[in-house]
Amino acid sequence: MSEAPIRGYFLDTSVMRSLLLSTQVYQQYLDIQLNKKELYISNYVQMEIKRSYLVNIISFYFVLKMGGINTIGDAFALWSNKFKGSELKAILQVIPQLFNDRQLNFSNPKDKEKAISLLAIYIKRFNLVIKTKFKNTNDLTSCARALVQLDVDYDNPEPGFKKFLLEFRDTKTCRSQCQIDQFILVHYRDEVEQLLNVASQLPRNTNTRGFLNIASNLKEILAMDEKACDCKRCEKIGDAVIALNAPRNLRLEHTDSSFDYLCPSINQPHFKHPSENQVVMNISNVNLENNFDE
Amino acid sequence: MSIEQTTLKASAAEITKAMLPDLEQLSKCAEEPVAAVFADSLLRKMRSLHDVYMYNPYTEVVMALHDALAHQNRWINYTSKQYEGAYKLFLGLVNQNTINNSDVENAIISLENLGFNTLPFGTILEDDNYEDSEQV
């Protein structure tokens, strides 16, 4: 039996994030790889981008606005001293570029107000682009966090940002409105059991660790039913949700190893891209070889 | 008799309108060295608009193009056709005199569709398989 043709590319969060926030070199690599067909995401993937980046830049906006923060530099110093996760560090690498291009002085208190306005404009634009740049597929989880709107007045952004943060962080309400339990326990129960079967036969090593962690959480959900379904656990099984939710006629584009184990048993076409570091290193090596040849 | 000096402040639409000649010139000489003259002039006007009108719908659209052009001097990579598209877009906006949030969003989407990367800021993202970390 021949396989159905691939209609487009379905982006995992790692690839969508890279298309928006990685270096020009890696974006060019992805553009070349993904230029033949339409790019798709789901609301769930959009939610993961909001959770891992948008929420953090809005939080940084409020740090910058604080009375005790006199300069842009003060805000970065506070952020770098107190927040250490990889997603939080991205703020320190991306946002200074925004301010530098506008030629703002990080030590001059007079430039703080300009930075606040610039950041508000950037946040609104980022939210717009993630909503409109890619085609959307049906999200069977009906993730309610994904549907939280960021409505911001251009002349007074703060209330809109605050409302978004409060609603996005209200996971109890969001969970009461989503269908993740039905998604795992009913709609894809057979596939989840297959994944658990695959996991039971794998050794634990660097490659399998992510998948096995996901499987362990899925196992708990099957054992405890909907009681085990909350936004925290949903975060831990995100790759499985994305793989199960991906349309089978789209190729799932990813960088995470877990999909190498998630996709085959559910017949989801997929492609693992090299990491940004691998692509950058590869280009460096090619340049080095060319220099030697010359 | 006292002499009062009155300073008339140009509106955001008027400052945006002042950018049109630079965009028009860029549409004729993109990718040539002389494009630097008009890119420099354009970027300065864009920054002066943000200095005066930090919270204004015109500023939002202008800064979207500013970021696409200013970051890593990418103004040099965009083509005549893209600049022509931007010129027509901004011409339409300034002719409206006032624009709303929906106009702003449509304009930014149009810039993206013209190939301007309005979110050009990037970093080497850590191999952030944070889902893959120990979190059972």
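Residues numbered from 1 in each chain as written. Chains lettered and ligands numbered in written order. Predicted model: local features only at pLDDT ≥ 70, side-chain atom pairs only at ≥ 80, totals over all residues.

(A) Region of interest: the overall build of chain A. Tallying secondary structure elements over chain A gives 15 helices and five strands in all. Rg of the C-alpha trace for chain A: 21 Å, near the compact-globule value of 19 Å for 294 residues, within the 12% margin. Once the C-alpha set of chain A is aligned to its principal axes, its extents read approximately 65 × 65 × 35 Å. When burial is assessed residue by residue, chain A has 43% of its 294 residues classed as buried. Relative to all contacts within chain A whose residues are 6 or more apart in sequence, the contacts with residues 24 or more apart total 68%. (Helix = DSSP H or I, 4+ residues; strand = E, 2+ residues; numbered from the N terminus. Rg over C-alpha atoms; globule rule 2.2 N^0.38 Å. Buried ≥ 20, exposed ≤ 12 C-beta atoms within 10 Å, placed from the backbone. Contact = placed C-beta atoms within 7 Å.)

(B) Representation of the interface of chain A and chain B within the structure. If you look at the interface, chain A gives 45 residues, while chain B gives 34 residues. Breaking the side of chain A that touches chain B down by element, the ones donating at least two residues are helix 1 (13-21), helix 2 (24-33), helix 5 (86-101), helix 6 (112-132), helix 11 (209-224), helix 13 (238-245) and helix 15 (276-293) of chain A. The leading source of residues in the side of chain A that touches chain B is helix 6 of chain A, at eleven residues.

(C) The arrangement of the nonpolar core in detail. Residues and elements named next belong to chain A. Counting residues in each nonpolar core, the largest one holds 121 residues, and the members touching the most others are L11, Y61, L119, L218, A240 and A243. The dominant element in this core, judged by the number of residues it contributes, is helix 6, at eleven residues. Residues contacting A240, with those up to four places away along its chain left out, are L195, I214, L218 and L262. (Core = buried A, V, L, I, M, F, W, Y, C linked by C-beta atoms within 7 Å.)

(D) The arrangement of helix 14 (residues 258-265) of chain A in detail. All names here are of chain A. The set of residues buried in helix 14 consists of S258, F259, Y261, L262 and C263. Considering only its buried residues, helix 14 is in contact with helix 10 (189-200), helix 11, helix 13, strand 4 (250-254) and strand 5 (270-272). The positive-phi residue at the C-terminal boundary of helix 14 is N267, with phi of around 55 degrees.

(E) Representation of the environment of Y9 of chain A within the structure. With respect to the secondary-structure elements, Y9 of chain A resides in strand 1 (residues 8-11). Not counting the four nearest positions on each side in its chain, Y9 of chain A is found in contact with L34, K37, L39, Y40, L250, R251 and E253 of chain A.

(F) Structural detail: unusual backbone geometry. All names here are of chain A. Notably, D225 is not glycine yet its phi reads approximately 60 degrees, a positive angle. Inspection of the secondary structure assignment puts D225 in the loop between helix 11 and helix 12 (231-236). Its 11 C-beta neighbours within 10 Å are what place D225 among the exposed residues. The phi angle at N267 is positive, at roughly 55 degrees, despite the residue not being glycine. The residue N267 is located in the loop between helix 14 and strand 5 in this model.

(G) Local environment of the pairing of strand 2 (residues 38-42) of chain A. Residue and element names in this part refer to chain A. Pairing of strand 1 with strand 2 involves three bridges; the strand directions are parallel. Within strand 2, the position partnered with F10 by the bridge is Y40. Two elements, strand 2 and strand 3 (residues 135-137), share three bridges in a ladder whose sense is parallel. Across the sheet, the residue bridging to Y40 is K135, located in strand 3. (Pairing = 2+ DSSP bridges.)

(H) View of the sheet that holds strand 1 of chain A. All names here are of chain A. Strand order across the open sheet formed by five strands is 3-2-1-4-5, with parallel pairing between neighbours. Single-partner strands in this sheet number two, and they are strand 3 and strand 5. In this sheet, adjacent strand axes meet at a mean angle of 35 degrees when their direction is disregarded. One ladder, built from three bridges, connects strand 4 with strand 5; its direction is parallel. When the bridges of strand 5 are listed, E253 appears paired with F271. (Axes fitted to C-alpha atoms, helices over the stretch in contact; angles between N-to-C directions.)

(I) Layout of the packing of helix 3 (residues 43-65) of chain A against helix 7 (residues 158-169) of chain A. All names here are of chain A. Taken N-terminus to C-terminus, the directions of helix 3 and helix 7 make an angle of 140 degrees; their axes are 11 Å apart at the nearest point. When the interaxial angle is binned, helix 3 and helix 7 end up oblique. For the pair helix 3 and helix 7, the sense of crossing is left-handed. Seen from helix 3, the contacting residues are K50, V55, I58 and Y61; seen from helix 7, they are F161, F164, L165 and F168. Among the residues forming the contact of helix 3 with helix 7, the class breakdown is seven nonpolar, no polar and one charged. (Parallel < 35°, antiparallel > 145°, perpendicular 65-115°, else oblique. Left-handed = near helix turned anticlockwise from the far one by under 90°. Nonpolar A, V, L, I, M, F, W, Y, C, P; charged D, E, K, R; others polar.)

(J) Up close: helix 3 (residues 35-52) of chain B. The end-to-end C-alpha distance of helix 3 of chain B is 26 Å, a good match for the 26 Å that 18 residues give at a rise of 1.5 Å each. Turning to helix 3 of chain B, its buried residues are A35, F38, A39, L42, L43, M46, L49 and H50 of chain B. Mapping the buried residues of helix 3 of chain B onto a view down its axis gives an arc of 130 degrees, with all of them on the same face. Seen from the buried face of helix 3 of chain B, the exposed residues on the opposite side, beyond 90 degrees, are D40, R44 and D51 of chain B. Buried-residue contacts for helix 3 of chain B involve helix 6 of chain A together with helix 1 (12-17), helix 2 (20-29) and helix 4 (57-70) of chain B. (Expected span 1.5 Å × (residues − 1). Arc of directions from axis to C-beta.)

(K) Highlighting the confidence of the model for chain B. Residue and element names in this part refer to chain B. With 85% of its residues at a pLDDT of at least 70, chain B reaches an overall mean of 89. This model gives residues 128-136 a pLDDT under 50, and the stretch forms 19 contacts once residues within four places in sequence are excluded. Here the complex is predicted with pTM 0.91, and the ipTM for its interfaces comes to 0.89. (pLDDT = per-residue confidence, 0-100.)

(L) Quick peek at the packing of helix 6 of chain A against helix 6 (residues 101-113) of chain B. Across the interface, helix 6 of chain A lies against helix 6 of chain B with an axial gap of 11 Å and an inter-helix angle of 65 degrees. Both helix 6 of chain A and helix 6 of chain B take part in a crossing whose hand is right-handed. Only E105, I108, I109 and E112 of chain B of helix 6 of chain B make contact with helix 6 of chain A, whose side of the interface consists of R125, L128, V129 and T132 of chain A. Across the contact of helix 6 of chain A with helix 6 of chain B, the residue classes tally to four nonpolar, one polar and three charged.

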